[in-house]
Amino acid sequence: MEVRSLYVEPPKEAEERDWPALQFLDVFRIFTSGPTETVALRGLSLEVGSGKLVAVRGPSGCGKSTLLHLAAGLDQPSAGEVRFFGRALGRMSEQELASYRARNVAVVFQRGNLWPSLTAQENLETTLRLSESNDPSRAAREALEQFGLGHRRTQRAATLSGGEQQRIAIASAAARGAPLVLADEPTGELDSTNEKLVIDALHRLRDDHGTTVVIVTHSVTLAEQADAVIEMRDGMAA
């Protein structure tokens, strides 16, 4: 299979969208500490289609977090290849990887996604300035309104509920136009009401923005509402 240029803007042409958003091709990731080797991924092969919401499940230690780190370009495989719309991350320079992360990837963690002393509006504006948005103030306002958080615009992040903070992080990804969102247990600390609101926000991200969303989760509810579920065990897709 032909591998196209290492980095371009997110694909817009129809033929480019024929590529899966993510491919893991026989990926191994081995961590070494002195004489001890830990195999986190053991020949993992999978594809995530463009514009799909995919849940990744499995027991602790099966390689889920390692999968996210590799997809984000924060780590490199020990063997095998990770591709984003056909472009091999392992062939990118450090500068190209930094551009890939800044322009193409948004990460939503279980907690700590926002600067607590900044307002919701300021959080989004700061993120948008870092990604070189043309009009961060307007983009931030529009994103907060779209995700039902306009009334929280001037409220400091530290005073928001956990569900509101997660939805603001998702709104930030939408405002940036990141084509890939990687979420690590985004509903793990939420009650059922806030979990539903966050799941709805993730669906809106997929449906309204065409974003590819990969979520590591233990939530049965979230997995049931995903387009596909990847079950992992012992560093492989089960």
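Everything discussed here concerns the structure shown above.
Calculation rules
- Residues numbered from 1 in each chain as written.
- Predicted model: local features only at pLDDT ≥ 70, side-chain atom pairs only at ≥ 80, totals over all residues.
- Heavy atoms only, no water.
- Helix = DSSP H or I, 4+ residues; strand = E, 2+ residues; numbered from the N terminus.
- Rg over C-alpha atoms; globule rule 2.2 N^0.38 Å.
- Contact = heavy atoms within 4.5 Å.
- Areas by Shrake-Rupley, 256 points an atom, 1.4 Å probe, with all protein chains shown as cover.
- Pairing = 2+ DSSP bridges.
- Buried < 20%, exposed > 50% of the residue type's maximum accessible area, 1.4 Å probe, protein only.
- Arc of directions from axis to C-beta.
- Axes fitted to C-alpha atoms, helices over the stretch in contact; angles between N-to-C directions.
- Salt bridge = Lys/Arg side-chain N within 4 Å of Asp/Glu carboxyl O.

Along its length, the chain carries seven helices and 10 strands. Over its C-alpha trace the chain gives a radius of gyration of 18 Å, about what one expects of a compact globule, namely 18 Å for 238 residues. A principal-axis box enclosing the C-alpha atoms of the chain has dimensions of 50 × 35 × 35 Å. For the chain, long-range pairs separated by at least 24 residues make up 72% of all intrachain contacts whose partners lie at least 6 apart in sequence. Approximately 11,400 Å² of the chain is accessible, and the part contributed by carbon and sulfur atoms is 46%.

Note: strand E3 (residues 53-57) against strand E9 (residues 228-233), four bridges, orientation parallel. Residue pairing in the sheet places Ala 55 in a bridge with Val 229 of E9. Relative to strand E10 (residues 236-237), E9 runs antiparallel, the two sharing two bridges. Of the residues in E10, the one forming a bridge with Met 232 is Ala 237. The antiparallel pairing of E9 with E10 creates a hairpin that spans two residues between the two strands, and Asp 234 there sits at a positive phi of about 55 degrees.

Turning to helix H2 (residues 94-104), a few remarks are in order. Along an α-helix, residues three or four apart share an orientation, since each turn contains 3.6 residues. Of the positions making up H2, those classed as buried are Leu 97, Tyr 100 and Asn 104. Summarising the axial view, the buried residues of H2 lie within an arc of 70 degrees, below the 170-degree limit, and thus occupy one face. Across from the buried face of H2, at angles greater than 90 degrees, the exposed residues are Glu 94 and Gln 95. On the buried face of H2, the contacting elements are helix H1 (64-71), strand E4 (79-84), strand E6 (105-108), helix H5 (162-176) and strand E7 (180-184).

Here we take up the sheet that holds E9. Reading across the sheet, the six strands line up as E6-E7-E8-E3-E9-E10 and stay open at both edges, with mixed pairing between neighbours. Sheet topology places E6 and E10 at the edges, where each strand pairs with a single neighbour. Against the sheet, H1 engages E3, E7, strand E8 (212-216) and E9, with an angle of about 155 degrees to E7. Running at roughly 180 degrees to E6, H5 makes contact with E6 and E7 of the sheet.

If you check which residues of helix H4 (residues 136-146) are buried, you get Pro 136, Ala 139, Ala 140, Ala 143 and Leu 144. Considered in projection along H4, the buried side chains sweep an arc of 130 degrees and stay on one side of the axis. At the exit of H4 stands Gly 148, carrying a positive phi of roughly 70 degrees.

Applying the stated criterion across every chain, the model contains 12 salt bridges. Residue Arg 91 is joined to Glu 81 by a salt bridge in which the shortest nitrogen-to-oxygen separation is 3.4 Å. Taken together, the residues span a long stretch of sequence, with Arg 91 in the loop between strand E5 (87-88) and H2 and Glu 81 in strand E4 at a distance of 10 residues. On the accessibility criterion, Glu 81 (16% relative accessible area) is buried. The shortest N-O distance in the salt bridge between Arg 152 and Glu 164 comes to 2.8 Å.

Just geometry here; none of it tells us what the structure is for.
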